[in-house]
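A look at the structure
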Amino acid sequence: MLAVLASGCAAEPSGTPIAAAASTAAGPSSSGLAPFADVDATEVTVVADVSIPGSGSAVDVCLPPGTGAEGTVRPAVLAVHGGSWARGDRAHEAWRAVCEWLAIEGFVGVSVGYRLAPEFPFPAGVDDVAAALASTQDPHFAARFGIDSARVALFGGSAGGNLAALVGLRDGLSGAGAVSAVVSLSAPLDLTADAAASPEFERPTLDYLGCESLAACPAAQAASPQHAISSHAPAFLVVHGREEQLIPFGQAEAFVSALQRAGAEVEFLVREDSLHSLELVDSAVADRALAFLHSHLVAVESAVALGSDVP
């Protein structure tokens, strides 16, 4: 069963079920591709290996059909892959499918690559995602890909959800206001010793943080979205499995509660299973994510015209 356990800024969760369990035929495939695998992306243009100033990696941009029409700008969604900060690729078939799905739905999909641990520990990955976000605010980059810089969201799974959440929160805290919304799937939201992640996840976390022990690791708090929440947080859609084995469900609960206390707009979707990251996304979750993104990006009127203020 999928339940909405929190919506808006309410102090108490509603607990309203909205969809069937993952065991149904509509559930995700083991590869994490469904429902993205069924998307007809033949009219999507993928511009691969776009370099990003200030980043140690690059992005792939998925352009919706009709991109390039004079005066047309679209909201952008930055998709950040998972892989325990140590593996994964923006061009992996699952994340390429996400990028193309976003484009088909009318967004400019930006699949973000980032430097990987242990060779590049925190904050390298955060810096790379932040640099990709900054590019959407650059007039030349935005004009090239038809991006409305006033309407940008982040979408991340697992370690990518951690990076997306942290970059979104830091953006709000800085006053930049570039991020309107964040979708987080199975994200490790608190990397400190008190958060009690699974033993299996501790070694990758330490490698990412560049520490030998979480008990003596100043980077753990700095790398935790839980400790970056402020009253300037963007809207959040947090999706987590109640029986999640890698990232405790309690992390998501604590994060949502802290966002609510800060006055942020937050939706909390709970799968009654142990699926992880993109595996959580069946048709019901996909529909909810699209509704969330549309409400915060598409429904917003923009005063930005393609090419305006570009010398």
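Above this text is the structure in question.
Since the model is a prediction, treat every value here as computed from it, not as a measurement. Numbers given for residues are sequential positions, taken from 1 along each chain in its written order. Local features in this predicted model are restricted to residues whose pLDDT is 70 or higher, and side-chain atom pairs enter the listing and the counts only when it is 80 or higher, whereas totals over whole chains, interfaces and linings include all residues. Excluding hydrogens and water, the side-chain figures rest on all heavy atoms present in the structure.

What about the side chain of Ser277?
- Under the DSSP-based scheme used, a helix requires at least four consecutive residues in state H or I and a strand at least two consecutive residues in state E, with every element numbered from the N terminus. With respect to the helices and strands, the residue Ser277 is situated in the loop between strand E10 (266-271) and helix H8 (283-298).
- Throughout this description, buried means an accessible area under 20% of the type-specific maximum (1.4 Å probe, protein chains only), exposed means over 50%, and partly exposed covers the range between. For Ser277, a relative accessible area of 10% puts it in the buried group.
- When checking whether two residues touch, look at their non-hydrogen atoms; a contact exists if any pair is within 4.5 Å. Not counting residues within four places of it along the chain, the set of residues in contact with Ser277 comprises Trp95, Gly157, Ser158, Leu185 and Ser186.

Brief notes about the state of the cysteines
- Disulfide assignment relies on a single distance test, namely cysteine sulfur atoms paired within 2.5 Å. Counting across every chain of the model gives two disulfides.
- Disulfide pairing places Cys62 opposite Cys99 at an S-S distance of 2.2 Å. The S-S bond linking Cys62 to Cys99 shows a torsion near 120 degrees; that makes this disulfide right-handed. Of the two residues, Cys62 is situated in strand E4 (residues 58-63) and Cys99 in helix H1 (residues 93-104); the sequence distance between them amounts to 37 residues.
- Judged by relative accessible area, Cys62 falls into the buried class, the value being 0%.
- Between the sulfur atoms of Cys211 and its disulfide partner Cys217 the distance amounts to 2.1 Å. One disulfide, between Cys211 and Cys217, carries an S-S torsion of 70 degrees and so falls in the right-handed class.

What to know about the pattern of salt bridges
- For salt bridges, the criterion is a side-chain nitrogen of Lys or Arg within 4 Å of an Asp or Glu carboxyl oxygen. Counted according to the given criterion, the structure contains ten salt bridges.
- With its nearest N and O atoms 2.5 Å apart, the salt bridge here joins Asp49 to Arg90. Highlighted residues: Asp49 in strand E3 (residues 45-51) and Arg90 in the loop between strand E5 (74-80) and H1, separated in sequence by 41 residues.
- Overall, the relative accessible area of 57% leaves Asp49 in the exposed class.
- Judged by relative accessible area, Arg90 falls into the buried class, the value being 13%.
- In this structure, Asp60 engages Arg90 in a salt bridge whose closest nitrogen and oxygen atoms are separated by 3.1 Å. You can see Asp60 sitting in strand E4 and its partner Arg90 sitting in the loop between E5 and H1, a full 30 residues away along the chain.

Here's the deal with the environment of Asp60
- When its relative accessible area of 1% is taken as the criterion, Asp60 is described as buried.
- Along the sequence, Asp60 and Ala91 sit 31 residues apart, while their C-alpha atoms lie 7.5 Å from each other.
- What qualifies as a polar contact is a pair of N or O atoms within 3.5 Å, subject to a donor-acceptor requirement within protein and to the restriction that residues adjacent in sequence count only when both atoms come from side chains. Here the side chain of Asp60 touches Arg90 through a polar contact of 3.1 Å, side chain to side chain.

Quick notes on the environment of Leu173
- For Leu173, the location among the structural elements is in helix H4 (residues 159-174).
- On the basis of relative accessibility, which here comes to 52%, the residue Leu173 falls in the exposed class.
- Linking Leu173 and His232, residues 59 residues apart in sequence, is a C-alpha distance of 5.7 Å.
- Apart from the residues lying within four places of it in its own chain, the contact partners of Leu173 are Ser230 and His232.

Overview of the packing of aromatic side chains
- Stacked, edge-to-face and tilted labels apply to pairs of Phe, Tyr and Trp rings (six-membered ring for Trp) whose centres lie within 6.5 Å, assigned for plane angles under 30 degrees, over 60, and everything in between, in that order. By the definition in use, this model includes nine aromatic pairs.
- For the pair Trp101 and Phe155, a centre-to-centre distance of 6.2 Å together with 65 degrees between the ring planes defines the contact as edge-to-face. In this pair, Trp101 sits in helix H1 while Phe155 sits in strand E7 (residues 147-157), placing the two residues 54 residues apart along the sequence. Summarising the burial analysis for this pair, Trp101 and Phe155 share the class buried.
- On the basis of an interplanar angle of 15 degrees and a centroid distance of 5.7 Å, the ring pair of Phe249 and Phe268 is categorised as stacked. Here Phe249, found in helix H7 (residues 249-261), pairs with Phe268, found in strand E10; they are 19 residues apart in sequence, far enough to count as distant. Of the two residues, Phe249 and Phe268, neither departs from the other in class, the shared state being buried.
- Aromatic ring contacts, followed pair by pair, group Phe36, Trp95, Trp101 and Phe155 into a single cluster.

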